[in-house]
Amino acid sequence: RTVYVNGAYVPEDEAKISVFDRGFLFADGVYEVTSVLDGKLIDFAGHAARLKRSLSELEMESPVSEDDLLEIHRHLVRVNEIDEGLVYLQVTRGAADRDFAYPAEARPSLVLFTQAKPGLADAPAAKKGMRVISIPDRRWGRRDIKTVQLLYPSMGKMMARAAGADDAWMVEEGAVTEGTSNNAYIVKGNTIVTRHLGEEILHGITRAAVLRMAAEAQMKVEERSFTIAEAQDADEAFVTSASTFVMPVVEIDGEPVGAGAPGPVAARLREIYLDESRKKAV
Ligand code: PLP
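This one's a predicted model, so the numbers in the text were calculated from it and none came from an experiment.

## Examining the overall build of the protein
Next, step 1: Counting its secondary structure elements, the protein contains eight helices and 15 strands.
Next, step 2: A compact globule built from 282 residues should have a C-alpha radius of gyration of about 19 Å, and the protein, at 19 Å, falls within 12% of that.
Next, step 3: Projected onto its principal axes, the C-alpha positions of the protein cover 55 × 40 × 35 Å.
Next, step 4: Burial analysis of the protein (282 residues in total) assigns 40% to the buried set.

Written out as structure tokens, the structure is:
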């Protein structure tokens, strides 16, 4: 694989980052994951816009322009021959003598790599649905910034695996925030419910697109908190993310949701999302 590191395309085993990089020492960095279908980028503009916001919240500069960023994405997709998969991008504050305060001399570091994921759009999991458990949300308070500090979500995945489930939904003050790496939704009657935006959740790029498409398809959307009990009593549940698109959830803490099988609303939204995103892909 060819990867991108600070201005150069290099084979992955020749890529180097300083041991003083603040991404490594402080998780002082942000990231984006953009999916690739038919060799094209899905919603690149959305990811670029969120990256800009994450950087600005941390008083970091983007090391390259948005046009250059798009070119780097495209180049990696081409040279690594990615038909279906992902492009991972990370910006950290860069290397400097270790200090808690942001060092004035640090220059941001930019890394990108690809992951081939054949069958991403045609995932068997979309037909089977996921089983989730609920866990307390023990992350920090600025989850709207897409930082690389992902240890608690990793622990959540492991808790889910230990419980024989696929993923975990995190709960704070009695309400579901989101999944370990996705936004959470329930469907009751013909209404789609997902948590309102705020500092408590990541503002999913897929979430924004799916809610827009749901509204265009005359579906009713409510952005508000919901509980695990309400979710277990819903007709359907699902999650969204750049790498899973729309994925049905069929069981929560051992209780089946609705019929305990993927529901029609999630299936329809997945189809609309994939169709429209492919058309607009760059
Ligand atoms: N919420 C969390 C905590 C995430 O980590 C992610 C994706 O990585 C999402 C939501 C979904 O965001 P997006 O649709 O932009 O991938």
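## Describing the site of the ligand
Next, step 1: Around the ligand, a shell composed of 13 residues is seen, among which Leu-202, Gly-204, Ile-205, Thr-206 and Ala-242 lie nearest.
Next, step 2: Elements supplying a minimum of two residues to the shell around the ligand: α6 (205-216) and β13 (236-241).
Next, step 3: Broken down by element, the shell around the ligand gets its largest block of residues, three residues, from α6.
Next, step 4: Tallied by class, the residues present in the shell around the ligand amount to four nonpolar, seven polar and two charged.

## A short note on the nonpolar core
Nonpolar side chains in soluble globular proteins tend to end up buried together.
Next, step 1: Counting 59 residues, the largest nonpolar core has Val-132, Tyr-185, Ala-237 and Val-249 as its most contacted members.
Next, step 2: Of all the elements, strand β14 (residues 245-252) adds the most residues to this core, at six residues.
Next, step 3: Here this core spans two domains, and each of domain 1 (2-116) and domain 2 (125-280) adds at least three residues to it.
Next, step 4: Dropping the residues within four chain positions of it, Ala-237 is found in contact with Tyr-185, Ile-186, Ala-231, Val-249, Ile-252 and Val-257.

## Structural notes on unusual backbone geometry
Next, step 1: Here Ala-27, not a glycine, exhibits a phi torsion of approximately 55°, which is positive.
Next, step 2: Here Ala-27 shows up in the loop between α1 (22-26) and β3 (29-37).
Next, step 3: Under the C-beta neighbour-count criterion, Ala-27 is labelled partly exposed, with 15 such atoms within 10 Å.
Next, step 4: Although it is not a glycine, Asp-43 adopts a positive phi angle of roughly 55°.

## Quick notes on the environment of Ile-228
Next, step 1: Within the element layout of this structure, Ile-228 appears in helix α7 (residues 228-232).
Next, step 2: For the pair Ile-228 and Ile-252, spaced 24 residues apart in the sequence, the C-alpha separation amounts to 7.7 Å.
Next, step 3: Contact partners of Ile-228, with chain neighbours within four places excluded, come to Ser-134, Val-171, Val-176, Ile-252 and Asp-253.

## Quick word on α6
Next, step 1: Under the 1.5 Å per step criterion, the end-to-end length of α6 is 17 Å for twelve residues, consistent within 8% with the ideal 16 Å.
Next, step 2: Ile-205, Thr-206, Arg-207, Ala-209, Val-210, Leu-211 and Ala-214 are the residues of α6 that are buried.
Next, step 3: Downstream of α6 by a residue or two, Gln-218 has a phi angle that is positive, lying close to 65°.

## A short note on the environment of Val-10
Next, step 1: On the secondary structure map, Val-10 appears in strand β2 (residues 8-11).
Next, step 2: Sequence separation of Val-10 and Tyr-152 is 142 residues, and the distance between their C-alpha atoms is 31 Å.
Next, step 3: Residue contacts for Val-10: discarding those within four places in its chain leaves Thr-2, Val-3, Val-5 and Ala-15.

## Comments concerning the domain arrangement of the protein
Next, step 1: When its domains are assigned, the protein resolves into domain 1 (2-116) and domain 2 (125-280).
Next, step 2: With 21 residues of domain 1 at the contact, the number on the domain 2 side is 13 residues.
Next, step 3: Of all the elements in the fold, those that place two or more residues in the side of domain 1 that touches domain 2 are β3, α2 (44-57) and β5 (85-92).
Next, step 4: Of all the elements, β3 adds the most residues to the side of domain 1 that touches domain 2, at eight residues.
Next, step 5: Taken together, the residues that form the side of domain 1 that touches domain 2 break down as eight nonpolar, eight polar and five charged.

## Brief notes about the sheet that holds β2
Next, step 1: Read across the sheet, six strands follow the order β2-β1-β6-β5-β3-β4 without closing on themselves; strand pairing throughout is antiparallel. Every other strand in the sheet has two partners, leaving β2 and β4 (40-41) as the edge strands with one partner each.
Next, step 2: Bridge analysis of strand β1 (residues 2-5) against strand β6 (residues 109-116) gives two bridges, and the strand direction is antiparallel. Paired with Val-5 across the strands is Val-111, a residue of β6.
Next, step 3: Sitting on the sheet, α2 is in contact with β3, β4 and β5, with an inclination near 180° to β3.
Next, step 4: This element, helix α3 (residues 66-79), spans β1, β2, β3, β4, β5 and β6 of the sheet and lies at about 35° to β6.

## Remarks on the pairing of strand β7 (residues 130-136)
Next, step 1: As judged from the three bridges shared by β7 and β14, these two strands associate in the parallel manner. Note that in β14 the partner of Met-130 across the bridge is Val-249.
Next, step 2: In terms of strand pairing, β7 meets strand β8 (residues 167-172) through five bridges, oriented parallel. Residue pairing in the sheet places Pro-136 in a bridge with Val-171 of β8.
Next, step 3: For the crossover that starts at β7, traverses helix α5 (residues 151-162) and ends in the parallel β8, the hand is right-handed.

What counts and how
Residues numbered from 1 in each chain as written. Predicted model: local features only at pLDDT ≥ 70, side-chain atom pairs only at ≥ 80, totals over all residues. Helix = DSSP H or I, 4+ residues; strand = E, 2+ residues; numbered from the N terminus. Rg over C-alpha atoms; globule rule 2.2 N^0.38 Å. Buried ≥ 20, exposed ≤ 12 C-beta atoms within 10 Å, placed from the backbone. Near = placed C-beta within 6 Å. Nonpolar A, V, L, I, M, F, W, Y, C, P; charged D, E, K, R; others polar. Core = buried A, V, L, I, M, F, W, Y, C linked by C-beta atoms within 7 Å. Domains from an automatic or database assignment. Contact = placed C-beta atoms within 7 Å. Expected span 1.5 Å × (residues − 1). Pairing = 2+ DSSP bridges. Axes fitted to C-alpha atoms, helices over the stretch in contact; angles between N-to-C directions. Right-handed = clockwise from strand over helix to strand, strands pointing away.

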